[in-house]
Amino acid sequence: MLTHFSAVLLAALFISIVFGITQRAQPRMMIRFGAFCFVMFVGITIAASWLMWAIKH
Amino acid sequence: MATTAQQSADRQQIAQRIPGEKSSVPAFALFLGWLIPGGGHFLLGKYVRGTLLFVSILGLFLIGLGLQGKLDSFGADDLLDKLGFVGQLGSGLMFLLAKVMGWGASTVSITLQDYGTKFLLFAGLLNYISAIDAHALATGRKADLADDIVTVKRVA
């Protein structure tokens, strides 16, 4: 069964691939931009999760 | 006999289209890209990109269905459902097939189902972007650059 975090990872992976291909023209830049998007998606999600935890506690 | 450099230049000339040139290929790439994720890129000979787009968008759509996401309908009273329908319609054939077959949930009752609905929405919206990208490549609006031809040499 998909957990919340694995759902985030899969969504970030697939969306980053599409963003990389469509937003850049050169294959090397596609990979770089895709990796950047993936790191940002996952990083911001983790940061927001800890922020919500901190607000609650 | 043509040299390797000459063959490379010829290929480059063939690959690049003149912006504004009258052709039915861009419109067909747009339509095919909407109907089948990555279809427009396949039409233009971008097989790797097409395959990656197909796998990514289909993956999102299937996970959305697997999580029992809701397939929105345009006839709903809620404006957000109408917008959701427009977004999910971007998945093209997959969405139409899912609608006809009655896949997906009609209501959302648990959190994971809500995630599933978002996955279906992402799939549709990303497929719109993908189809427009194929159109831009076909018209020449988006440069089609390979790694080896954009190496810029700085001259001191």
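Overview of the structure. All values derive from a computational prediction rather than experimental measurement.

### So, the overall build of chain B
- When its secondary structure is counted, chain B shows seven helices and zero strands.
- Listed by position from the N terminus, the elements making up chain B come as α-α-α-α-α-α-α.
- Here chain B holds 156 residues, and 39% of them are scored as buried.
- When contacts within chain B are restricted to residue pairs at least 6 apart in sequence, those whose partners lie at least 24 apart make up 71%.
- Roughly 9,100 Å² of accessible area belongs to chain B as shown, and the carbon and sulfur atoms make up 66% of that amount.

### Some thoughts on the interface of chain A and chain B
- At the junction of the two partners, chain A supplies 20 residues and chain B supplies 25 residues.
- Roughly 1,900 Å² of surface becomes buried between chain A and chain B when both sides are summed, with 77% attributable to carbon and sulfur atoms.
- Broken down residue by residue, the surface that chain A buries against chain B is led by A:Phe14, A:Val18 and A:Ile21, which jointly contribute 28%.
- On inspection of chain A and its partner chain B, the count reaches four residue pairs in polar contact (both at pLDDT 80 or more).
- Of all elements in the fold, only helix 1 (4–23) and helix 2 (27–56) of chain A reach the threshold of two or more residues within the side of chain A that touches chain B.
- Broken down by element, the residue count for the side of chain A that touches chain B peaks at twelve residues, all from helix 1 of chain A.
- The class makeup of the residues in the side of chain A that touches chain B is 14 nonpolar, four polar and two charged.

### Here we look at the packing of aromatic side chains
- Taken as a whole and judged by the stated rule, the model has seven aromatic pairs over all chains.
- Taking the centre distance of 5.9 Å and the plane angle of 40 degrees together, the rings of B:Phe31 and B:Trp34 count as tilted. On the criterion of helical spacing, the pair formed by B:Phe31 and B:Trp34 is a turn pair, its members being three residues apart in helix 2 (residues 25–35).
- Its relative accessible area of 44% is what places B:Phe31 among the partly exposed residues.
- Note on B:Phe74 and B:Phe85: the rings are 5.7 Å apart at their centroids and 55 degrees apart in plane angle, and the pair reads as tilted. Remark: B:Phe85 occurs in helix 5 (residues 79–88) and B:Phe74 occurs in the loop between helix 4 (47–66) and helix 5; sequence separation between them is eleven residues.
- Given a relative accessible area of 47%, B:Phe74 falls into the partly exposed group.
- Here B:Phe85 falls in the buried class, since its relative accessible area comes to 17%.
- Here a set of aromatic residues connected by ring pairs shows up, and it is made of B:Phe74, B:Phe85 and B:Phe95.
- The lysine or arginine in question, A:Arg24, covers the ring of A:Phe33, its NZ or CZ lying 4.0 Å from the ring centre.
- Looking at B:Lys82, its charged tip hangs above the ring of B:Phe74, at a distance of 5.1 Å from the centre.

### Comments concerning the nonpolar core
- Among the nonpolar cores identified, the biggest contains 23 residues, and B:Ile57, B:Leu60, B:Phe61, B:Phe119 and B:Leu126 are the most heavily contacted of them.
- Secondary structure elements with two or more residues in this core: helix 1 of chain A together with helix 4, helix 6 (93–101) and helix 7 (111–139) of chain B.
- For B:Leu60, the contacting residues outside a window of four places in its chain are A:Ala11, A:Phe14, A:Ile15, B:Phe119, B:Phe122, B:Ala123 and B:Leu126.
- B:Ala29, B:Leu44, B:Leu137 and B:Ala138 belong to the second-largest nonpolar core, a separate cluster that totals five residues.

### A word on the pattern of salt bridges
Residue and element names in this part refer to chain B.
- Counting across every chain of the model gives four salt bridges over all chains.
- Here Asp-81 and Lys-70 are joined by a salt bridge, their closest N and O atoms 3.2 Å apart. Placement of Asp-81 in helix 5 and of Lys-70 in the loop between helix 4 and helix 5 is noted, with a sequence separation of eleven residues between them. Each of the two residues, Asp-81 as well as Lys-70, counts as buried.

### Structural notes on helix 2 of chain B
- The set of residues buried in helix 2 of chain B consists of B:Pro26, B:Ala29, B:Leu32, B:Gly33 and B:Leu35.
- On the buried face of helix 2 of chain B, the contacting elements are helix 3 (39–43), helix 6 and helix 7 of chain B.

About the cut-offs
- Residues numbered from 1 in each chain as written.
- Chains lettered and ligands numbered in written order.
- Predicted model: local features only at pLDDT ≥ 70, side-chain atom pairs only at ≥ 80, totals over all residues.
- Heavy atoms only, no water.
- Helix = DSSP H or I, 4+ residues; strand = E, 2+ residues; numbered from the N terminus.
- Buried < 20%, exposed > 50% of the residue type's maximum accessible area, 1.4 Å probe, protein only.
- Contact = heavy atoms within 4.5 Å.
- Areas by Shrake-Rupley, 256 points an atom, 1.4 Å probe, with all protein chains shown as cover.
- Buried area = accessible area lost by both parts, 1.4 Å probe.
- Polar contact = N/O pair within 3.5 Å; in protein donor to acceptor, adjacent residues only side chain to side chain.
- Nonpolar A, V, L, I, M, F, W, Y, C, P; charged D, E, K, R; others polar.
- Phe/Tyr/Trp six-rings, centres within 6.5 Å; stacked < 30°, edge-to-face > 60°.
- Lys NZ or Arg CZ within 6 Å of the ring centre and 35° of its normal.
- Core = buried A, V, L, I, M, F, W, Y, C linked by side-chain atoms within 4.5 Å.
- Salt bridge = Lys/Arg side-chain N within 4 Å of Asp/Glu carboxyl O.

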